[in-house]
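Spelled out, the chains give:
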Amino acid sequence: MFNGQVINELIEKNKAKKVDVYTYAEISKAALDNLIKGANLPNCKTLERIADFFGVSMDVFFNREKPYVSIGHTINGNGNKVSGDIQLHECQKEIEHLKELLNEKERLIQVLMKNV
């Protein structure tokens, strides 16, 4: 769920001025105040601009119920623009491995169903 109060926390932490934030985000002061209060939800373009202004991921503005799970690779960036050490062929190998596991599970289910 979106948490507009994070914007206020970032403004205080970075000693930023609201006028700079809403000008950069190309929104009005009232729109920024409504986002902070939670009266309105931002569109993606606005949220990306605010995140870029502070140099943070757009994800920081949301209370997440699912924890982040590491896949064992280094990813660099602010969440909006990323780079890292994972290669496409590694992902393809992982997908193939998971398909093989799924096929084996399906086969095992079929064997067990025949025995019932």
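None of the values given here were measured: they were computed from a predicted structure. (Residues numbered from 1 in each chain as written. Predicted model: local features only at pLDDT ≥ 70, side-chain atom pairs only at ≥ 80, totals over all residues. Heavy atoms only, no water.)

1. Remarks on the overall build of the protein chain
Step number 1: Of the regular secondary structure elements, the protein chain holds five helices and two strands.
Step number 2: Along the protein chain, helices (α) and strands (β) appear in the sequence α-α-α-α-β-β-α when read from the amino end.
Step number 3: Taken over 116 residues, the protein chain has a buried fraction of 20%.
Step number 4: Nonlocal contacts in the protein chain, meaning residues at least 24 apart in sequence, comprise 49% of its contacts between residues at least 6 apart. (Helix = DSSP H or I, 4+ residues; strand = E, 2+ residues; numbered from the N terminus. Buried < 20%, exposed > 50% of the residue type's maximum accessible area, 1.4 Å probe, protein only. Contact = heavy atoms within 4.5 Å.)

2. Comments concerning a nonpolar patch on the surface
Step number 1: A cluster of nonpolar residues, L108, V111 and L112, forms a patch on the protein surface that exposes about 240 Å² of accessible area.
Step number 2: Structurally, L112 can be placed in helix α5 (residues 88–114).
Step number 3: The class for L112 is partly exposed, based on a relative accessible area of 47%. (Patch = residues over 30% accessible without salt bridge, like charges linked within 9 Å, V, L, I, M, F, W, Y side chains within 5 Å. Areas by Shrake-Rupley, 256 points an atom, 1.4 Å probe, with all protein chains shown as cover. Salt bridge = Lys/Arg side-chain N within 4 Å of Asp/Glu carboxyl O.)

3. Let's talk about the nonpolar core
Step number 1: Counting 18 residues, the largest nonpolar core has I7, L32, I50, F54 and F61 as the members making the most contacts within it.
Step number 2: Where this core is concerned, the elements lending two or more residues are α1 (5–13), α2 (18–24), α3 (29–37) and α4 (44–54).
Step number 3: If we ignore the near neighbours within four places in the chain, the residues touching L32 are I7, K18, V21, Y22, I27 and I50. (Core = buried A, V, L, I, M, F, W, Y, C linked by side-chain atoms within 4.5 Å.)

4. Description of the side chain of N8
Step number 1: With respect to the helices and strands, N8 occurs in helix α1.
Step number 2: In this view, N8 contacts K18 and I36; residues no more than four positions away in its chain are not counted.

5. Details of α3
Step number 1: All buried positions along α3 are accounted for by L32, D33, L35 and I36. For α3, the buried positions fall inside an angular range of 160° around the axis, keeping them on one side.
Step number 2: Within two residues after α3, G38 carries a phi angle of roughly 85°, on the positive side. (Arc of directions from axis to C-beta.)

6. Some words on the environment of D20
Step number 1: Checked against the element boundaries, D20 lands in helix α2.
Step number 2: Assessed through its relative accessible area of 39%, D20 is described here as partly exposed.
Step number 3: Through-space distance from the C-alpha of D20 to that of F53 is 8.9 Å; in sequence the pair is 33 residues apart.

7. Topic: the packing of α1 against α3
Step number 1: Taken N-terminus to C-terminus, the directions of α1 and α3 make an angle of 110°; their axes are 6 Å apart at the nearest point. By the angle class used here, α1 and α3 are roughly perpendicular. Residue-level inspection shows Q5, I7, N8 and I11 of α1 in contact with α3, the latter providing L32, L35 and I36.
Step number 2: Its residues assigned to classes, the contact of α1 with α3 comprises five nonpolar, two polar and no charged. (Axes fitted to C-alpha atoms, helices over the stretch in contact; angles between N-to-C directions. Parallel < 35°, antiparallel > 145°, perpendicular 65-115°, else oblique. Nonpolar A, V, L, I, M, F, W, Y, C, P; charged D, E, K, R; others polar.)

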